[in-house]
Amino acid sequence: MTTYFSDASFKFLRGLARHNDKTWFAAHKAQYEEHVRQPFQRLLTDLQPDLAKVSTHFRAEPKPVGGSLFRIHRDTRFSGDKAPYKPWQGARLFHERSKQVPAPSFYLHLQPGECFVGAGLWHPKPDTQRRVRQFIFDNPGTWKATAHDARFRKRFDFEESEMLTRPPRGFPADFEFIEDLKHKNFVFWRDLDDATITGPKLRQAIAADLAALGPFVDYLCAALDLEF
């Protein structure tokens, strides 16, 4: 079995968190390439057939520019935090139409002690939120079967960092899943411990998570009239 990341991957990211400046990054760029970006690209390449079994409309694209990997450089233009780099590496397994229309995605996150896999819609625009909420309201049975399945909920957490305090306008407060409609993000995720990340069964673990998240992503695609 293949391993991708190692203790050296986490060592680099911990160092970047402590020394988040261009001089340090330039001096350690070779370690970033060897222990973070290139292993992540290999993982994405190997995950492509696993993802295709879940949906042929999603892509695990390993190319360094315009692919699944997010840039490690931060966009500091509108942020009070001017640290130039993210102390993590993320990758988005995206829908083939995501550049044209709003679409859910799968996501992988590499950060010491905070690795996870997830899927859904992160920070969707208000009209997209409204479409998803309306679809849940109109299709509560399939939402219950998908998002409230006991095995699914045991495995994944519903992201709750941003919630409305009141039911969204236009939806009755006594709707069975009104608490779900209060979510601003429609994301389920699961922690991955560092031993799994650096171990020989990482690809198999992520492939199983992608398959388990598939019905939820399928539901969101249906809400947004996307192929799955």
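What you are looking at is a predicted structure, and each value in this text was computed from that prediction instead of being measured. (Residues numbered from 1 in each chain as written. Predicted model: local features only at pLDDT ≥ 70, side-chain atom pairs only at ≥ 80, totals over all residues. Heavy atoms only, no water.)

Trainee: In this structure, what is going on with helix α9 (residues 202-223)? I would like to understand it.
Mentor: Each turn of an α-helix holds 3.6 residues, which means side chains three or four residues apart point in the same direction. With 22 residues, α9 extends 31 Å between its outermost C-alpha atoms, agreeing within 8% with the 32 Å of an ideal straight helix rising 1.5 Å per residue. At Gly-214, α9 is deflected by roughly 40°, the largest bend along its length, and proline Pro-215 occurs up to four residues later in sequence. One or two residues past the end of α9 sits Asp-225, with phi positive at roughly 55°. (Helix = DSSP H or I, 4+ residues; strand = E, 2+ residues; numbered from the N terminus. Expected span 1.5 Å × (residues − 1). Bend = angle between axes of the 7 residues up to and from the residue.)

Trainee: Please clarify how helix α4 (residues 126-138) should be interpreted in this entry.
Mentor: The first and last C-alpha atoms of α4 sit 18 Å apart over 13 residues, in line with the 18 Å expected at 1.5 Å per residue. In this structure, the buried side of α4 is in contact with β4 (116-121), α5 (140-147), α7 (178-181), β6 (186-191) and α9. (Contact = heavy atoms within 4.5 Å.)

Trainee: What is the right way to read unusual backbone geometry from this model?
Mentor: Most peptide bonds are trans, and most residues other than glycine sit at a negative phi. Non-glycine residue His-123 carries a positive phi angle of around 55°. A positive phi is found at Asp-225, a non-glycine position, where the angle reads about 55°. Its location among the elements puts Asp-225 in the segment after α9.

Trainee: Which parts of the structure should I look at to understand the pairing of β4?
Mentor: Consecutive residues of a regular strand have side chains that alternate between opposite faces of the sheet. Most of β4 sits out of view: five of its six residues are buried. Here strand β3 (residues 105-110) pairs with β4 via five bridges, running antiparallel. Following the sheet pairing, His-109 is matched in β4 by Phe-116. (Buried < 20%, exposed > 50% of the residue type's maximum accessible area, 1.4 Å probe, protein only. Pairing = 2+ DSSP bridges.)

Trainee: Sorry if this is basic, but what is going on with the packing of aromatic side chains here?
Mentor: Each aromatic ring pair is specified by the distance between its two centres and by the angle formed by the two planes. Enumeration over the complete set of coordinates arrives at 23 aromatic pairs. Centroid distance Phe-137 to Phe-171: 5.7 Å. Interplanar angle 70°. Geometry classified as edge-to-face. With Phe-137 in helix α4 and Phe-171 in the loop between β5 (157-158) and α7, this residue pair connects regions lying 34 residues apart in the sequence. Assessed through its relative accessible area of 8%, Phe-171 is described here as buried. Ring pairing ties together the aromatic residues Phe-135, Trp-143, Phe-152, Phe-156, Phe-158, Phe-188, Phe-216 and Tyr-219, which thus form one cluster. (Phe/Tyr/Trp six-rings, centres within 6.5 Å; stacked < 30°, edge-to-face > 60°.)

Trainee: So what exactly am I meant to see when it comes to the pattern of salt bridges here?
Mentor: Opposite charge on two side chains permits them to pair, given that their charged atoms come into close proximity. Within this structure, the stated rule accounts for nine salt bridges. Put simply, Arg-59 and Glu-96 hold a salt bridge, and the shortest N to O gap is 2.8 Å. Highlighted residues: Arg-59 in strand β1 (residues 58-59) and Glu-96 in the loop between β2 (89-95) and β3, separated in sequence by 37 residues. Judged by relative accessible area, which is 31%, Arg-59 ranks as partly exposed. Glu-176 is the salt-bridge partner of Lys-144, the closest N and O atoms lying 3.9 Å from each other. Taken together, the residues Lys-144 in helix α5 and Glu-176 in the loop between β5 and α7 connect sequence positions 32 residues apart. Overall, the relative accessible area of 46% leaves Lys-144 in the partly exposed class. Salt bridges here are not isolated pairs; linked through shared partners, they connect Arg-155, Arg-190 and Asp-209. (Salt bridge = Lys/Arg side-chain N within 4 Å of Asp/Glu carboxyl O.)

Trainee: How do you make sense of the sheet that holds β4 when you look at a structure like this?
Mentor: The strand order across the open sheet formed by six strands is β1-β2-β3-β4-β6-β5, and the pairing between neighbours is antiparallel. What marks the edges here is a single partner per strand, and that holds for β1 and β5. Pairing geometry for β1 and β2, over two bridges, is antiparallel. Paired with Arg-59 across the strands is Phe-94, a residue of β2.

So, to be careful, I would describe these as geometric facts and stop short of saying anything about function.
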